[in-house]
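Notes for the structure review
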Amino acid sequence: MVQYNFKKITVVPNGKEFIDIILSRTQRQTPTVVHKGYSISRLRQFYMRKVKYTQQNFHDKLSTIIDEFPRLDDIHPFYGDLLHVLYNKDHYKLALGQINTAKNLISKIAKDYVKLLKYGDSLYRCKSLKVAALGRMCTVIKRIAPSLAYLEQIRQHMARLPSIDPNTRTILICGYPNVGKSSFINKITRADVDVQPYAFTTKSLFVGHTDYKYLRYQVIDTPGILDRPFEDRNIIEMCSITALAHLRAAVLFFLDISGSCGYSIAAQAALFHSIKSLFMNKPLIIVCNKTDLQPLEGISEEDMKLVTEMKAEAMKTVIGQGGDPSNDEGVLLTMSTLTEEGVISVKNAACERLLDQRVELKMKSKKMNDCLNRFHVAVPKPRDQKERPPCIPQAVLEGMAKKQAAKEKRKLEKDLEEENGGAGVYSASLKKHYILENDDWKEDIMPEILDGHNVYDFIDPDILQRLEELEREEGLRAEEVDDDDFEMDGKELTPEEQEALAEIRKKKSLLIQQHRIKKSTAESRSTVPRKFDKDKRFTSERMGRQLSVLGLDPSLAINRARSKSRGRKRERSLHRGGNDGEDVMDMDVDQPNKKLRTRSRSLSRSVSRPPGEVVAGEGFKDSAQKVKALKLAKKSVKKRNKDARRGEADRVIPTLKPKHLFSGKRSTGKTDRR
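Right, let's walk through the structure included here. Remember, predicted model here, so these are calculated numbers, not experimental data. (Residues numbered from 1 in each chain as written. Predicted model: local features only at pLDDT ≥ 70, side-chain atom pairs only at ≥ 80, totals over all residues. Heavy atoms only, no water.)

Some words on the overall build of the protein
Cut-off, in case you're wondering: For the purposes of this entry, the term helix denotes a DSSP run of H or I that reaches at least four residues, the term strand denotes a run of E that reaches at least two, and both are numbered from the N terminus. Exposed residues in this analysis have more than 50% of their type's maximum accessible area, buried residues have under 20%, and partly exposed residues fall in between, with area computed by a 1.4 Å probe over protein chains only. The contact rule is simple, with two residues in contact once any of their heavy atoms fall within 4.5 Å. The accessible surface values rely on the Shrake-Rupley method and a 1.4 Å probe; as for residues, cover is taken only from the protein chains in view.
What the protein contains, in helices and strands, is 23 helices and eight strands. In the protein, which comprises 674 residues, the proportion classed as buried is 29%. Pairs at least 24 apart in sequence give 66% of the contacts found in the protein among residues at least 6 apart. With an accessible surface of roughly 49500 Å², the protein has 53% of that area assigned to carbon and sulfur atoms.

So this is what it looks like as structure tokens:
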């Protein structure tokens with residue numbers, strides 16, 4: 001089975017990329033170092049190799065392009081005409097011809113300059129000839145740059161074409177735009193063709209595959225065709241015409257009898273008669289679609305007459321295949337892709353008609369006679385009129401009856417749920433599968449045992465009444481306790497005490513509010529020093545006034561606050577607790593005695609511990625042993641520090657001269673320095 005896979009065609013580079021690829025490869029794959037001391041024969045060979053290598057690369061690349069693109073004369077006529085419709089056969093052949101001409105020109109240029117290089121008399125002359133040869137080759141490639149770009153566009157478009165096998169079993173769908181062709185192929189295959197309520201949604205051929213009687217069928221969805229002259233049809237319509245003309249397939253002509261596609265039945269019948277010459281020698285089926293909107297029996301007499309004429313034309317294809325003229329079954333079918341009514345019938349009828357035609361064609365071929373001579377089909381004939389029914393033993397019949405009884409559907413929990421009210425009403429019983437001596441015991445209430453006692457023995461039927469009595473008693477006791485509590489409600493206080501109580505409550509509520517405000521804004525509020533406290537809210541004088549107003553003696557509280565407050569931080573002292581430090585603090589700060597200031601600064605610092613001093617817990621006997629251990633430790637890391645190691649486990653040996661940075665150019669024939 002021939003398959004045309006255009007996705008394997010190699011990418012065609014444009015002119016500039018083509019030149020860069022070839023020259024870069026020449027630079028990498030040929031020697032680049034030449035000296036004046038070389039003999040003239042070696043110089044000639046050096047530059048002749050570059051010219052030949054460049055020519056060979058150009059030749060191989062251009063030959064690949066020419067060979068991979070299909071030749072229109074060698075492929076199936078369907079693909080030949082399809083490529084002609086899409087890309088114009090003349091332009092396509094012209095572009096490939098220019099590529100072939102460029103290949104020959106480059107070969108001729110290389111041949112001429114190799115001859116000239118044989119007679120080069122100096123390094124300069126040989127180099128100039130090499131530059132001229134490569135320059136002329138690149139000029140030829142630049143001239144065919146438009147052809148290369150055109151072929152790359154064709155390659156990209158051809159890669160998107162569906163893989164259609166012209167020789168396999170094929171069902172072809174055609175008709176006016178928006179009559180339901182794409183919906184039908186989506187229903188019977190796994191294809192996903194875009195379906196929209198406007199014309200020419202499908203702009204190219206789409207392929208799907210379906211199965212019938214264990215055989216794979218290829219279903220092709222074609223773009224819509226309009227009833228107009230052949231010359232006026234566009235590329236989209238010509239794709240459909242090409243498929244109808246060249247593919248040996250069963251044709252489904254779709255007819256929209258509802259008129260919702262925007263075209264009347266008369267216009268669709270006119271299209272049918274204009275392209276009926278393409279249906280010759282092909283199984284043809286008229287499919288009346290959208291019967292959910294308009295049944296076939298409900299159309300007018302004129303439209304019915306047109307449909308009958310189309311059916312008569314389709315019957316001619318049946319007669320041409322040697323079918324029965326009186327049997328018009330499978331020629332005019334109705335269906336609806338929306339409700340899927342009749343879709344499978346249409347598919348089966350088309351597959352059956354196509355299969356019959358292909359079998360008949362094979363039977364008429366010359367090879368079939370050789371095959372039939374090897375076969376003998378035996379047909380049994382009755383020897384007398386006696387009835388001989390099948391004899392089945394009784395044991396087998398009983399076994400079959402048992403199997404049938406076992407197959408009967410038993411009731412599941414789901415069935416019981418539906419019978420008893422459905423979900424939320426029916427509750428499945430977990431006890432009905434208990435294995436007990438008496439089935440009546442299954443639904444008995446089981447006692448609950450706690451610590452060896454039956455819980456039900458401790459249940460009091462009057463528990464709720466007793467609970468109410470207890471709650472009533474608790475309420476009475478709580479009221480008595482509340483009466484005993486001391487509460488300053490103001491009834492037993494004098495007028496002066498009531499005023500003081502009201503003042504205290506008011507102050508308490510203000511303090512609570514201020515605390516809540518401060519707490520809510522604590523994160524965004526900066527700390528303000530006391531000297532910037534303009535309100536003077538937190539001073540001892542204010543505290544004394546408030547306590548005096550309340551009738552309390554504020555002296556003790558003020559003295560306590562002053563004794564607890566911290567004074568200003570002292571300046572740095574020379575020596576803690578020494579007399580010399582006090583004398584220095586009594587002196588003027590701006591004194592010019594530099595020596596005294598230096599001494600005071602040094603004395604204020606803490607004295608560092610000498611390295612040899614032994615601290616308890618370090619494990620040394622005395623200071624001499626500690627000094628010796630420190631010297632040994634310093635000496636042990638000296639070599640490691642010199643080698644720039646990170647630690648004791650560092651085994652890295654730095655490479656001072658890496659091979660890839662200090663090795664020279666590889667010699668001829670070596671491609672790997674390793």
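Having seen the structure, we can now continue with the description.
Some details on the pairing of strand β3 (residues 215-221)
Defined as follows: By definition, two strands form a pair when at least two bridges between them are found by DSSP.
When you tally the buried positions in β3, you get five out of seven residues, the bulk of the element. Pairing between strand β1 (residues 170-175) and β3: four bridges, direction parallel. Bridge pairing in β3 links L172 to I220. In terms of strand pairing, strand β2 (residues 206-212) meets β3 through seven bridges, oriented antiparallel. Bridging across to β3, V207 finds its partner in I220. In sequence, β2 turns back onto β3 through a hairpin of two residues, with K213 there showing a positive phi of about 55 degrees.

Section: the packing of aromatic side chains
How we decide: Here the aromatic set is Phe, Tyr and Trp, taking the six-membered ring for Trp, and pairing holds for ring centres within 6.5 Å; pairs whose planes are under 30 degrees apart are stacked, those over 60 apart are edge-to-face, and all others are tilted. A ring is scored as having a charge over it whenever the NZ atom of a lysine or the CZ atom of an arginine sits within 6 Å of its centre and within 35 degrees of its normal.
Here the structure, examined in full by the defined rule, presents 11 aromatic pairs. Among the aromatic residues, ring-to-ring pairing joins F6, F78 and Y79 into one connected group. One residue, R42, lies across the ring of Y38, its end atom 3.8 Å from the ring centre.

Some words on the pattern of salt bridges
To keep it simple, the criterion reads: Between Lys or Arg on one side and Asp or Glu on the other, a salt bridge is scored when a side-chain nitrogen of the former is within 4 Å of a carboxyl oxygen of the latter.
The full count for this structure, using the stated rule, is 19 salt bridges. Put simply, K442 and D439 hold a salt bridge, and the shortest N to O gap is 3.9 Å. Residue classification places D439 among the exposed residues on the basis of a relative accessible area of 54%. Via salt bridges that share partners, R228, R233 and E237 belong to a single interconnected network.

What about a nonpolar patch on the surface?
Applied cut-off: Surface patches are defined over residues having more than 30% relative accessible area and no salt bridge, joining like charges when they lie within 9 Å and nonpolar side chains (Val, Leu, Ile, Met, Phe, Trp, Tyr) when within 5 Å.
On the surface, V359, M363, L372 and F375 cluster together into a nonpolar patch covering about 410 Å² of accessible area. Structurally, M363 is set in helix α11 (residues 343-364).

Remarks on unusual backbone geometry
Residue N281 is not a glycine yet carries a positive backbone phi of 60 degrees. Inspection of the secondary structure assignment puts N281 in the loop between α9 (265-274) and β5 (284-289). In the Ramachandran plot, E340 falls in the positive-phi region, its phi being about 65 degrees despite a non-glycine side chain. Under the relative-accessibility criterion, E340 is labelled partly exposed at 49%.

Observations concerning helix α1 (residues 15-29)
The criterion, for reference: Helix span is expected to be 1.5 Å times the residue number reduced by one. It is the directions from the helix axis to the C-beta atoms whose arc is reported.
Here α1 spans 21 Å end to end across 15 residues, near enough to the 21 Å set by a 1.5 Å rise per residue. Looking at α1, one finds that the buried residues are G15, F18, I19, I22 and T26. Down the axis of α1, the buried side of the element spans an arc of 95 degrees, and every buried residue falls inside it. Opposite its buried face, α1 presents the exposed residues K16 and R28, each directed more than 90 degrees away. Residues of α1 that are buried in the fold lie against α2 (40-68), α5 (123-143) and α6 (145-159).

Comments concerning the sheet that holds strand β4 (residues 250-256)
Rules: Only C-alpha atoms enter the line fits that serve as axes; for helices the fit covers just the stretch in contact. Angles between N-to-C directions range over 0 to 180 degrees.
Taken together, six strands build an open sheet; the order of strands is β2-β3-β1-β4-β5-β6 and the sheet is mixed. Each end of this open sheet is capped by a strand with a single partner; those strands are β2 and β6 (332-334). Going across the sheet, the axis of each strand differs from the next one's by a mean of 25 degrees, ignoring polarity. Helix α7 (residues 181-188) rests against β1, β2, β3 and β4 of the sheet, and its axis sits at about 155 degrees to β3. Taken strand by strand, α9 contacts β1, β4 and β5, and its axis lies near 160 degrees from that of β4.

Remarks on a positive patch on the surface
Definition in use: For the purpose of charge, His is not counted, nor are the chain termini; Lys and Arg are scored as positive and Asp and Glu as negative. Lysine's charge is taken at NZ, arginine's at CZ, aspartate's at CG and glutamate's at CD.
A cluster of like positive charges, contributed by K52, K111, K115 and K118, occupies part of the molecular surface. Broken down by element, the residue count for the positive patch peaks at three residues, all from helix α4 (residues 89-118). Take K118: it is sitting in helix α4.

Side note on the nonpolar core
Across soluble globular proteins, nonpolar side chains have a tendency to be buried as a group. Inclusion rule: Take the buried residues of types Ala, Val, Leu, Ile, Met, Phe, Trp, Tyr and Cys, join any two whose side-chain atoms come within 4.5 Å, and each joined set is a nonpolar core.
Counting 109 residues, the largest nonpolar core has F69, F184, L244, L252, F253, I275 and F279 as its most contacted members. By residue number, the principal contributor to this core is α4, which donates 11 residues. If sequence neighbours within four positions are ignored, F69 has contacts with I9, V12, Y92, L96, L151, I154 and R155.

Things to note about a negative patch on the surface
On the surface, E468, E469, E471 and E474 cluster together into a patch of negative charge. Mapped onto the elements of the fold, E468 is located in helix α15 (residues 463-484).

Quick word on the environment of R169
Basically, it comes down to this: Within 3.5 Å is the distance limit for a polar contact, defined as a pair of N or O atoms, with the added protein rule that one can donate a hydrogen and the other accept it, and that residues adjacent in sequence qualify only through two side-chain atoms.
Mapped onto the elements, R169 comes out in the loop between α6 and β1. In this structure the C-alpha to C-alpha distance between R169 and L355, which are 186 residues apart in sequence, comes to 8.0 Å. Setting aside anything within four residues of it in sequence, one finds R169 in contact with L215, R216, Y217, Q218, L354 and R358. Polar side-chain contacts of R169 include one of 3.2 Å to the backbone oxygen of R216.

A closer look at the side chain of T30
Within the secondary structure, T30 sits in the loop between α1 and α2. Here T26 takes part through its backbone oxygen, which lies 2.4 Å from a polar atom of the side chain of T30. Reaching out from T30, the side chain makes a polar contact with the side chain of K50 at a distance of 2.9 Å. Apart from the residues lying within four places of it in its own chain, the contact partners of T30 are R49, K50 and Y53.

Let's talk about α5
Three or four residues apart is the spacing at which side chains of an α-helix point the same way, because the helix has 3.6 residues per turn. Between the first and last C-alpha of α5 there are 31 Å, a value that for 21 residues agrees with the 30 Å anticipated at 1.5 Å per step. Looking only at α5, the buried set comprises C126, L129, K130, A133, L134, M137, C138, V140 and I141. The arc that holds every buried residue of α5, seen down its axis, measures 165 degrees, which confines them to one face. Of the exposed residues in α5, the ones pointing more than 90 degrees away from its buried face are Y124, K142 and R143. In this structure, the buried side of α5 is in contact with α1, α2, α4 and α6.

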